[in-house]
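Structural features, examined
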Amino acid sequence: MERILIVRLSAMGDLINSLPVAAALRKQYPDSVIDWVVEERWAEMLHAKGSPRSGPPSPQKPLVDSIHTVNTRRWRDNWSAKTTRTEIAALRREIRDREYTTVIDVQGAIRSAVIARFARSPRVVGFEKPREPQAKYFYTERIKAAGTHIIEQNVSLTGQRIPAPGPEMLPHDNGTEVWCDDELKRLDISNGYAVLSPGAGWGAKEWPAERYGEVAAMLARDGIMSLVNVGPKETELAKIAERASGGAARPLRCSIGQLIAMLRRAALFVGGDTGPMHLANLMAVPVVAIFGPTNPARNGPFYLPFEVVRHESSQTDYGHHDREHEGLLNTTSAEVYAAARKLLSR
């Protein structure tokens with residue numbers, strides 16, 4: 001029996017684009033053990049909050065058997081502390097004792113490659129050209145990434161076919177579903193709403209928040225209300241969008257699990273190159289993706305239905321800076337609304 005460990009520590013969008021790796025392996029090896037190492041803060045992408053992290057796959061933990069959590073940021077900030085050494089030693093024992101036959105490092109970073117070697121597995125698989133080049137020296141097998149999109153490349157590490165999308169890849173929690181019903185009732189919003197997400201990983205990827213509000217106002221004229229997803233430190237963006245919408249958009253403050261529940265019922269998602277966009281796309285929610293500096297062929301939505309809006313003046317730039325991007329500024333709310341209408345009319 002195969003005993004497989006996937007290492008993808010962070011961040012939200014990258015984790016979501018790695019979930020098809022586990023889904024592909026689960027389909028090919030339904031009776032195998034498939035485990036995952038992830039940063040503590042993102043564990044809710046793999047299992048419903050409060051549910052066991054070990055045991056057979058279930059609706060609360062659909063893709064993996066066991067989840068190993070780490071906190072590499074705390075370790076880095078407290079490298080000399082005894083607690084750090086104790087936690088790392090415990091993780092090493094925990095991983096080694098599972099006797100994995102294959103370890104797949106999807107992240108391609110030195111820290112993820114080191115953790116992959118904790119398993120002492122005879123087979124440690126990673127990219128031929130990982131994100132951090134030195135990581136390749138920790139692998140026993142180096143795979144040339146196939147395809148253009150990051151999902152294609154990630155799944156190419158397994159040699160399997162790319163799985164179909166669907167909400168069943170994500171944890172399902174009855175308590176969170178009840179919360180979602182109550183929240184929609186409180187907001188006086190029924191099914192068929194849009195989720196708008198103005199935030200992004202860095203400022204250059206953020207389409208102006210007031211234009212999200214303008215799109216919300218246009219959708220409201222069609223009878224579609226909008227929820228503005230508010231991540232950490234994004235409260236002001238939500239306020240700007242809400243004001244620009246004339247009351248058609250309402251802020252949505254929620255956990256990852258709660259966002260998953262909200263997206264299950266959504267008719268539309270509008271956002272940029274950000275984790276919530278990839279989450280909606282994986283769940284087969286119609287997505288309008290607003291792109292500027294990053295390349296949608298590699299980092300955009302992968303599964304249909306979706307529409308990508310990217311102005312011809314956009315230049316690809318993966319620099320993590322906050323300077324305004326000309327292409328995003330040249331993209332109008334009318335263009336984004338037209339893409340939304342195209343999806344909703346299908």
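The structure reproduced in this document is the subject of the present report. (Residues numbered from 1 in each chain as written. Predicted model: local features only at pLDDT ≥ 70, side-chain atom pairs only at ≥ 80, totals over all residues. Heavy atoms only, no water.)

As for the overall build of the protein
Basically, it comes down to this: The numbering of helices and of strands both runs from the N terminus, where a helix is a DSSP run of H or I of at least 4 residues and a strand a run of E of at least 2. As defined in this context, the radius of gyration uses C-alpha atoms, and a globule is described by 2.2 Å times the residue total to the power 0.38. For each residue, the accessible area found with a 1.4 Å probe, counting protein chains only, is set against the maximum for its type, and the residue is called buried under 20%, exposed over 50%, and partly exposed in between. In what follows, residue pairs with any heavy atoms lying within 4.5 Å of each other are defined as contacts. Here the accessible surface of atoms and residues is derived via Shrake-Rupley with a 1.4 Å probe, and residues count as covered only by protein chains that are part of the display. For the purpose of charge, His is not counted, nor are the chain termini; Lys and Arg are scored as positive and Asp and Glu as negative. Charged side chains are reduced to one point each, which is NZ for Lys, CZ for Arg, CG for Asp and CD for Glu.
If you tally the helices and strands in the protein, you get 14 helices and twelve strands. Here the protein has a C-alpha radius of gyration of 20 Å; the compact-globule value for 346 residues is 20 Å, and the two agree. On the principal axes, the C-alpha backbone points of the protein span a range of 60 × 45 × 40 Å. Looking at the protein residue by residue over its 346 residues, the buried ones come to 55%. Sequence separation of 24 or more characterises 62% of the internal contacts of the protein that already satisfy a separation of 6 or more. Total accessible area on the protein is roughly 15400 Å²; 48% of this is exposed by carbon and sulfur atoms. A gap of 5 Å separates the mean positions of the 45 positive and 40 negative side-chain charges of the protein.

Thoughts on the packing of aromatic side chains
Rule in force here: Each Phe, Tyr or Trp ring (for Trp, its six-membered ring) is paired with any other whose centre lies within 6.5 Å, and the angle between the two planes then decides the class: stacked below 30 degrees, edge-to-face above 60, tilted in between. Placement of a charge over a ring requires the Lys NZ or Arg CZ to be within 6 Å of the ring centre, with the centre-to-atom vector within 35 degrees of the ring normal.
Applying the stated rule across the entire model yields two aromatic pairs. Taken together, a centroid distance of 5.0 Å and an interplanar angle of 85° make the contact between Phe 302 and Tyr 303 edge-to-face. Judged by relative accessible area, which is 23%, Phe 302 ranks as partly exposed. Given a relative accessible area of 6%, Tyr 303 falls into the buried group. Cation over ring: Arg 92 sits above Phe 118, and NZ or CZ is 4.7 Å from the ring centre. Seen from the ring of Trp 202, Lys 205 lies directly overhead, with NZ or CZ sitting 4.1 Å from the centre.

Describing the sheet that holds strand β5 (residues 124-127)
Operational definition: Only when DSSP finds a minimum of two bridges between them are two strands counted as paired. Note on definitions: angles span 0 to 180 degrees between N-to-C directions of axes, and those axes are lines fitted to C-alpha atoms, for helices only across the stretch in contact.
Within the open sheet, the six strands sit side by side as β3-β2-β1-β4-β5-β6. Their pairing is parallel. This sheet does not close on itself; its edge strands, each paired only once, are β3 (66-70) and β6 (141-143). Looking at each pair of strands side by side, their axes are set apart by 20° on average, direction ignored. Note: strand β1 (residues 3-7) against strand β4 (residues 102-105), four bridges, orientation parallel. From the neighbouring strand, Val 7 faces β4, where its bridge partner is Asp 105.

Some thoughts on empty space enclosed by the protein
Note the threshold: In this analysis the probe radius is 1.4 Å and the grid spacing 1 Å, with only protein atoms considered; a cavity is a set of points the probe fits into but cannot get out of, a pocket is an open set with protein on both sides within 12 Å along at least five of seven lines, and lining residues have an atom within 4 Å of a point. Grid points are joined across faces, edges and corners, and a volume is the space filled by probe spheres set on the points.
Here the structure, examined in full by the defined rule, presents one cavity of 30 Å³ or more. By volume, the largest cavity is sized at about 80 Å³. Along its surface, the largest cavity is lined by 13 residues, and Ala 48, Pro 171, Asp 173, Thr 176 and Gly 257 are the ones closest to its centre. Taken together, the elements giving at least two residues each to the lining of the largest cavity come down to α7 (174-186) and α10 (256-265). For the lining of the largest cavity, the element with the highest residue contribution is α10, accounting for four residues.

Here's the deal with the layout of surface pockets
For clarity, the cut-off: Residue type decides the class: Asp, Glu, Lys and Arg count as charged, Ala, Val, Leu, Ile, Met, Phe, Trp, Tyr, Cys and Pro as nonpolar, and the leftover types, Gly among them, as polar.
For the second largest pocket, the calculated volume is near 260 Å³. Every residue along the wall of the second largest pocket is listed here: Thr 72, Trp 75, Arg 76, Trp 79, Ile 88, Arg 111, Val 114, Ile 115 and Phe 118. Only α3 (72-77) and α5 (110-117) provide two or more residues apiece to the lining of the second largest pocket. Taken together, the residues that form the lining of the second largest pocket break down as six nonpolar, one polar and two charged.

Regarding a positive patch on the surface
The test is simple: Residues enter patches when they are more than 30% accessible in relative terms and free of salt bridges; like-charged ones are connected within 9 Å and nonpolar ones (Val, Leu, Ile, Met, Phe, Trp, Tyr) within 5 Å. In what follows, salt bridge is the name for a side-chain nitrogen of Lys or Arg lying within 4 Å of a carboxyl oxygen of Asp or Glu.
Taken together, the side chains of Arg 41, Arg 73, Arg 76, Arg 111, Arg 131 and Lys 233 define a basic patch exposed on the protein surface. Positionally, Arg 131 belongs in the loop between β5 and β6. A relative accessible area of 53% means that Arg 131 is categorised as exposed.

Focus: the environment of Pro 122
Assignment of secondary structure puts Pro 122 in the loop between α5 and β5. Contact partners of Pro 122, with chain neighbours within four places excluded, come to Tyr 100, Thr 101 and Thr 140.

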